[in-house]
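Coordinate analysis (summary)
Here's the letter readout for the chains.
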Amino acid sequence: MNFLEQRIAKDGIVKPGNVLKVDSFLNHQMDIALMEEIGREFHRRFADKPITKVLTIEASGIGIACFAAKEFGVPMVFAKKSKSINIEGEMYIAEVESFTHKNKNQIIVSKKFLSSEDHLLIIDDFLANGCALQGLISIAEAAGATVEGLGIVIEKGFQIGGKVIRNLGYRLESLAIVDAMDPDTGTITFREQ
């Protein structure tokens, strides 16, 4: 088991409906030492790529993407899920369906923060059905940016998202891939990587 799988096995909680709660260390309360290690690991895995920006989606991806961006020494940009009065000018927009929240959102990135000169590393906390990643890829393509890779903290390998994204030809690196979860026993089965 790698460092992340150990932490998920120790503190992750399996709930009915294919829900894995990791809010005690990843996406509500954050273990900063773990976030630093995750950022270093994404940097190690994508060190061969000329990353100019890290792109994610609010809210859970932001903290993780910050630590990855710090390792690369580049800015982090996040797609907002709603337009606020302080977003000005032209925007890239994509529609995304959330597995967790069971709703659709438009995600928005100001055109002034992405361009055809950018080489992006897209980061998110979970990969289930792949909708968030597809929305971020759509925004990157609209900007003419190059998607150098996608980094996921936890992939639900028993759902279609990983297969969909890999079949699109993108380099996808997941730090932990969960192949099965049993809410009755709390057992989590990880894929060998």
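Residues numbered from 1 in each chain as written. Predicted model: local features only at pLDDT ≥ 70, side-chain atom pairs only at ≥ 80, totals over all residues. Heavy atoms only, no water.

Things to note about the confidence of the model for the protein chain
Under the convention used in this document: Note on scores: pLDDT gives the predictor's confidence for each residue, bounded by 0 and 100. Each helix corresponds to a stretch of at least 4 residues labelled H or I by DSSP, and each strand to a stretch of at least 2 residues labelled E; elements are numbered beginning at the N terminus.
Chain-level statistics for the protein chain give a pLDDT mean of 92 and a share of 94% at 70 or above. By mean pLDDT, strand 5 (residues 91-98) is the weakest element of the protein chain at 85, and strand 8 (residues 146-156) is the strongest at 98.

Concerning helix 1 (residues 3-11)
Because each turn of an α-helix spans 3.6 residues, side chains separated by three or four positions end up pointing in the same direction. The criterion, for reference: For the exposure calls, accessible area comes from a 1.4 Å probe over protein chains only, and a residue counts as buried if that area is under 20% of its type's maximum, exposed if over 50%, partly exposed in between. Directions are taken from the helix axis to each C-beta atom, and the arc is the one they span. Note on contacts: a residue pair qualifies if any of its non-hydrogen atoms lie within 4.5 Å across the two residues. Residues adjacent in sequence count toward polar contacts only when both atoms are side-chain atoms; beyond that, a polar contact is any pair of N or O atoms within 3.5 Å, and within protein one must be able to donate a hydrogen and the other to accept it.
Every buried residue of helix 1 is listed here: L4, E5, R7 and I8. The buried residues of helix 1 occupy one face: seen down the axis, they fall within an arc of 160°. Turning to helix 1, the residues buried within the fold contact strand 2 (19-21), helix 2 (32-45), strand 8, strand 9 (172-182) and strand 10 (187-190). Of the residues flanking the start of helix 1, the one acting as N-cap is N2, its side-chain oxygen 2.9 Å from the backbone nitrogen of L4.

A short note on the pattern of salt bridges
The criterion, for reference: Think of a salt bridge as a Lys or Arg side-chain nitrogen and an Asp or Glu carboxyl oxygen that are within 4 Å of each other.
The tally for this structure, following the rule as stated, stands at 14 salt bridges. Residue R166 is joined to E155 by a salt bridge in which the shortest nitrogen-to-oxygen separation is 2.9 Å. On the criterion of sequence distance, the pair formed by R166 in helix 5 (residues 161-167) and E155 in strand 8 is long-range, its members being 11 residues apart. Between R171 and E173 there is a salt bridge, and its shortest N-O distance comes to 3.6 Å.

Brief notes about the environment of S24
Looking at the secondary structure, you find S24 in the loop between strand 2 and helix 2. Separated by 13 residues in sequence, S24 and D11 have C-alpha atoms that sit 7.4 Å apart. If we ignore the near neighbours within four places in the chain, the residues touching S24 are D11 and Q29.

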